[in-house]
Amino acid sequence: MGENKVTVEFVEDVALICINNPPVNASGVVVRQGIVDALDEIKAAGSAKAIGLYCAGRTFIAGADITEFGKPPLEPGLPEVCNILEDNEIPIVAVIHGTALGGGLETAMGCHARVAVPTAKVGLPEVLLGILPGAGGTQRAPRLAGISNALDLILSGRHVPAKDALEMGLVDRIDDGEPREVALAAAKDVVVGTLATRRTGELTTTPDDAAIETTMAAVQKKHPHLISPQKCVECVAASTGDFKEGLAFERARFMECLPSPQSKGLIHAFFGERAVANIPERKAQARDIASVGVIGGGTMGSGISTSALMAGLPVTLIEVSQEGLDRGVATITGNLDGAVKRGKMSPEKRDAALAKLTASTEMESLAEVDLVIEAVFEKMEIKKEIFTKLDAICKDGAVLASNTSYLDVNEIAAMTRRPQDVLGLHFFSPAHIMKLLEVVVGEKTAPEVVATGFALAKKMRKVAVRAGVCDGFIGNRILGHYLKTASYLVLDGAHPDQVDKALEGFGFAMGPHRVGDLAGLDIGYMTRKRLAATRPAEERYGGAIADRLSENGWNGRKTSKGYYVYEGRDTLENPDLNAIIDEERARAGITPRVFSDEEIVERYMTAMISEAARVVEDGIALRPVDVDVVFLSGYGFPRFRGGPLHYADTIGAAELVKRIEAYAQEDAHYWKVPALLRKMAEDGGSFADLNKGK
Ligand code: 3HC
């Protein structure tokens, strides 16, 4: 039956259904048909008075099989299976271990009672994939847990621990044990009447108009770009009426979401975050990392130290002066306090983490650590000096990493007699919060050192992306390119605020000028100065306005003034900005012209895509999806658009080539068609094809 993914076992007067579809028991068609066949088999046998449904392996059903989305539907569908379970004459109790998510929880809610093991979690995370619970979840969850809990569950997508699920009424009992044993005991209890059963669809939802209204208003404000959160609220609101009508209403809303580009983008992001772990070095044995050294107690070094401490690793922090060290320790303490405040760790864990922090002004203290991350000022000479010292101090086999955001990792590695142990670990600020870690692989970096970088990221709950060596690696190289577009747009006639608002309208959390102000305009200023000597003569200089701001000491938020003025929580116009813009336009002999918001987005995105294509072409990123994940996890790229190269496929290579050729009429040096894009336009190929290795 069901290719043995669903099996039936009869024990005295109960039957057990076991689902076994590794790795996460996703309910693909074979599982769905298997459940229906199992119920038929049990009915035909005629001996069972109750049924226990449980899963083998590490988890209960983790949801619908997402890989089936977008393909022709395969019968029986999940909504139908949930209804068949609910209509079954013999009562069924679902036993949850691991995570019952999405269609998994919906399957459990279609059963007549639910028992969870203490470590189990349940959730309805469909909204994170741009859809909604489409197998009765929006109708059954409010009937079991009430409207307010259902809204929280469905709109947050969070994984609710068994204890809370019990309180909410989503599960009826918590029993410890192996899923099969728990299922057997629960089914027997159903037979003797010590575990009550009922059909969820026969319950009623108590109306709660206030909760619906407040949530709808909050959702519209928080997710103005997304379609599925509002539809989730509408569906939950419909749960106070007739059950069958509610199911039909939910199905119709689900079918509106499923084919949407938003859902495709979010699903691409989900699989992308997993796909980036597929690297050539994945089979290499990572080295054991039991202790970490961090050089530099500035914002980056302190953030990295915090992240390592939160992952349970002992950290030795090095600074040149006691004063710098004290500042670093204070920042780390503040970061950990913040994590406690945000509910990310308990006060006890914070204390335990801080106890693992050693601070020293002596590099020699790093002699025994397993991995060192250098996070000092972005100057090659300083980095070289540090790596020469590390080579002399660190034990054999220690991994030596630089947190450089631009510099040549090969040049740094060459300062040591062990370049095979050197790599770049590029964290993003604030490093204890941002998900992304670029693992920069040098010419001589050993495969197990690369694997160690990925293992460290996993321990720190970060998404690691493999990058090759070039100025800026994946993210900052592309950023450096498209930020020029933003500056050209302003020089040519757009206002920084218009550019920001147009891109925020596209879905970016913040436009580039607001981001610049937040990061500190001095960073870009220093980078421009560093690269000034290597800037080709034919390149148009876009940095003039930003230079003027920095030279006035207006470096953004930290100086309360940059492109904007910051007063408390308010962001105001910078009254001096327009004069600077006018002067720089006049100096460059530019007559300003009008740009529509649409054109701003088109130019900005086309520039981003062009450089991203070159990064793939040059092998700096392994695949297009690696670029996408870098931008989703480190650059605030709107997740529902799936990343720059997923988005590029929605425009199409031919159109992109056409745009670049048109822009090249104005500036042929900046706007060049990447060879990869031209080939795609000619062959009808896509970045998605490249991801699949086509
Ligand atoms: N469908 C298909 N494949 C899935 C899947 C799903 N629902 N969930 C996970 N997988 C795959 C992953 O892609 C991964 O494949 P890979 O090994 O080839 O990369 C593998 O299963 C293991 O997944 P993880 O690496 O994520 O394993 P973890 O142990 O870290 O996490 C998990 C397990 C918490 C279950 C996590 O995988 C997860 O959150 N999955 C998605 C849950 C979800 O969104 N469910 C709702 C689906 S939509 C739905 O049900 C619609 C319904 O309402 C009609």
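Residues numbered from 1 in each chain as written. Predicted model: local features only at pLDDT ≥ 70, side-chain atom pairs only at ≥ 80, totals over all residues.

S.K.: Explain the overall build of the protein to me, please; I cannot follow it from the model alone.
M.R.: A tally of regular secondary structure across the protein gives 29 helices and 19 strands. Taken over C-alpha atoms, the radius of gyration comes to 28 Å for the protein, in line with the 26 Å a tight globule of 694 residues would show. Across its three principal directions, the C-alpha atoms of the protein cover 85 × 60 × 50 Å. Scored against the burial criterion, the 694 residues of the protein give a buried share of 50%. Pairs at least 24 residues apart make up 72% of the contacts formed inside the protein by residues separated by at least 6 positions. (Helix = DSSP H or I, 4+ residues; strand = E, 2+ residues; numbered from the N terminus. Rg over C-alpha atoms; globule rule 2.2 N^0.38 Å. Buried ≥ 20, exposed ≤ 12 C-beta atoms within 10 Å, placed from the backbone. Contact = placed C-beta atoms within 7 Å.)

S.K.: Just to check I follow, could you spell out the UniProt feature "domain: 3-hydroxyacyl-CoA dehydrogenase NAD binding" (unreviewed entry) in the protein for this structure?
M.R.: As annotated in UniProt, the feature "domain: 3-hydroxyacyl-CoA dehydrogenase NAD binding" (unreviewed entry) corresponds to residues 292-467 in the numbering used here. As annotated, residues 292-467 has a helix share of 41% and a strand share of 20%, and its two end C-alpha atoms lie 22 Å apart. (UniProt positions renumbered as here; feature names shortened; annotations may be inferred.)

S.K.: Just checking my understanding: could you explain the packing of helix α25 (residues 624-634) against helix α26 (residues 644-651) for this structure?
M.R.: Helices that pack against each other are described as a pair by the angle of their axes relative to one another and the distance between those axes. Direction vectors running N to C along α25 and α26 enclose 115°, while the axes themselves pass 6 Å from each other. Contacts between α25 and α26 involve Pro624, Val627, Asp628 and Phe631 from the former and Pro644, Leu645 and His646 from the latter. Looking at the contact of α25 with α26 residue by residue, the class counts come to five nonpolar, one polar and one charged. (Axes fitted to C-alpha atoms, helices over the stretch in contact; angles between N-to-C directions. Nonpolar A, V, L, I, M, F, W, Y, C, P; charged D, E, K, R; others polar.)

S.K.: Is there a simple way to think about the UniProt feature "domain: 3-hydroxyacyl-CoA dehydrogenase C-terminal" (unreviewed entry) in the protein in this case?
M.R.: Following the UniProt record, one finds the feature "domain: 3-hydroxyacyl-CoA dehydrogenase C-terminal" (unreviewed entry) at residues 472-566 and 600-684. Here residues 472-566 runs as 60% helix and 3% strand, with 30 Å between its end C-alpha atoms. Taken end to end, residues 600-684 has its terminal C-alpha atoms 27 Å apart, with 68% of it in helix and 0% in strand.

S.K.: Looking at this structure, I do not really get the site of the ligand. What am I missing?
M.R.: Contacts to the ligand come from 25 residues, most closely from Ala62, Gly63, Ala64, Gly102 and Gly103. Among the secondary structure elements, those contributing two or more residues to the shell around the ligand are β5 (99-101), α3 (103-110) and α11 (261-275). (Near = placed C-beta within 6 Å.)

S.K.: Honestly, the sheet that holds strand β8 (residues 160-161) in this entry has me stumped. Any pointers?
M.R.: Strands in a sheet are paired, the pairing made by backbone hydrogen bonds, and the direction either parallel or antiparallel. Ordered in space as β5-β7-β8, the three strands form an open sheet in which the pairing is mixed. Both outer strands of the open sheet, β5 and β8, are each paired with one neighbouring strand and no more. Bridge count between strand β7 (residues 121-123) and β8: two bridges; the pairing is antiparallel. In the strand pairing of β8, valine 122 is matched with valine 160. Its contacts with the sheet put α3 on β5 and β7, and the angle it makes with β5 is roughly 90°. (Pairing = 2+ DSSP bridges.)

S.K.: Please explain the pairing of strand β11 (residues 315-318) as it appears in this structure.
M.R.: The side chains of a regular strand alternate between the sheet's two faces. Of the two faces of β11, the one lined by Val315 and Leu317 and the one lined by Thr316 and Ile318 are each fully buried. Bridge count for strand β10 (residues 292-295) against β11 is four bridges, and the pairing is parallel. Looking across to β11, one finds that valine 294 is bridged to leucine 317. Remark: the β10/helix α12 (residues 299-310)/β11 crossover connection has right-handed handedness. (Right-handed = clockwise from strand over helix to strand, strands pointing away.)

S.K.: Would you explain the nonpolar core in this entry?
M.R.: A general tendency of soluble globular proteins is for nonpolar side chains to be buried together. Counting 205 residues, the largest nonpolar core has Val93, Val372 and Val439 as its most contacted members. Sorting elements by how many residues they give to this core places helix α24 (residues 597-617) first, with 10 residues. In this view, valine 372 contacts Gly293, Ile295, Leu366, Leu390, Cys394, Ala398, Leu400 and Ala401; residues no more than four positions away in its chain are not counted. (Core = buried A, V, L, I, M, F, W, Y, C linked by C-beta atoms within 7 Å.)

S.K.: Whenever I open this one, the domain arrangement of the protein confuses me. Can you help?
M.R.: By a widespread convention, an interface's size corresponds to the accessible area lost as its parts come together. Parsing the protein into structural domains produces domain 1 (6-258), domain 2 (292-469) and domain 3 (476-691). Computed from C-alpha atoms alone, the centre-to-centre distance between domain 1 and domain 2 is 43 Å. (Domains from an automatic or database assignment.)

S.K.: Help me understand the sheet that holds strand β9 (residues 173-174), please; the structure alone is not making it clear to me.
M.R.: The strand order β1-β2-β3-β4-β6-β9 describes an open sheet built from six strands, whose pairing is mixed. This sheet does not close on itself; its edge strands, each paired only once, are β1 (6-11) and β9. Alignment of strand β6 (residues 113-116) against β9, held across two bridges, turns out to be parallel. Bridge assignment links alanine 116 to a residue of β9, and that residue is isoleucine 174.

S.K.: Could you clarify how one ought to interpret the packing of α11 against α25 in this entry?
M.R.: Relative to each other, α11 and α25 sit at 105°, their axes nearing to 9 Å. Here α11 lies roughly perpendicular to α25, going by the angle between them. Together, Ala269, Gly272, Glu273 and Ala275 of α11 and Val625, Asp628, Val629 and Leu632 of α25 make up the contact between the two elements. Residues that form the contact of α11 with α25 fall into these classes: five nonpolar, one polar and two charged. (Parallel < 35°, antiparallel > 145°, perpendicular 65-115°, else oblique.)

S.K.: I would appreciate a short explanation of the pairing of strand β4 (residues 92-96) in the present structure.
M.R.: Along β4, five of the five residues are buried, which leaves the element largely enclosed by surrounding structure. What you see with β4 is no split at all: Ile92, Ala94 and Ile96 on one side and Val93 and Val95 on the other are buried throughout. When strand β3 (residues 50-55) meets β4, the two strands line up parallel, connected through three bridges. Note on β4: the bridge partner recorded for glycine 52 is valine 93. Traced from β3 through helix α2 (residues 78-87) to β4, the parallel crossover comes out right-handed. As judged from the four bridges shared by β4 and β6, these two strands associate in the parallel manner. Within β6, the residue paired with isoleucine 96 across the bridge is alanine 116.

S.K.: Please explain the environment of isoleucine 304 as it appears in this structure.
M.R.: Following the sequence through the fold, isoleucine 304 ends up in helix α12. Residue classification places isoleucine 304 among the buried residues on the basis of 30 C-beta atoms within 10 Å. Remark: the alpha-carbon pair of isoleucine 304 and valine 315, spanning 11 residues in sequence, is separated by 9.7 Å. Contacts of isoleucine 304, omitting those with residues within four sequence positions, involve Val294, Ile373, Ala375, Asn403, Phe427 and Ala431.

S.K.: Could you clarify how one ought to interpret helix α27 (residues 653-664) in this entry?
M.R.: Along an α-helix, a turn takes 3.6 residues, which lines up residues three or four apart on a common side. The terminal C-alpha atoms of α27 lie 16 Å apart, and with 12 residues this matches the ideal 16 Å at 1.5 Å per residue to within 8%. For α27, the full list of buried residues reads Ala653, Leu656, Arg659, Ile660 and Tyr663. All buried residues of α27 project into a common sector of 125° when viewed along the axis, lining one side. The secondary structure elements touched by the buried residues of α27 are α24, α26 and α28 (675-683). (Expected span 1.5 Å × (residues − 1). Arc of directions from axis to C-beta.)

S.K.: Got a minute to help me understand unusual backbone geometry in this structure?
M.R.: A negative phi angle characterises most non-glycine residues, just as the trans form characterises most peptide bonds. In this structure, proline 76 follows glutamate 75 across a cis peptide bond, with omega equal to -5°. For proline 76, the position within the fold is in the loop between β3 and α2. The linkage connecting serine 429 with the following residue, proline 430, adopts the cis geometry, with an omega of -5°. With respect to the helices and strands, the residue proline 430 is situated in the loop between β15 (422-427) and β16 (436-440). If you check the backbone angles, glutamate 12 has positive phi at about 50° while not being a glycine.

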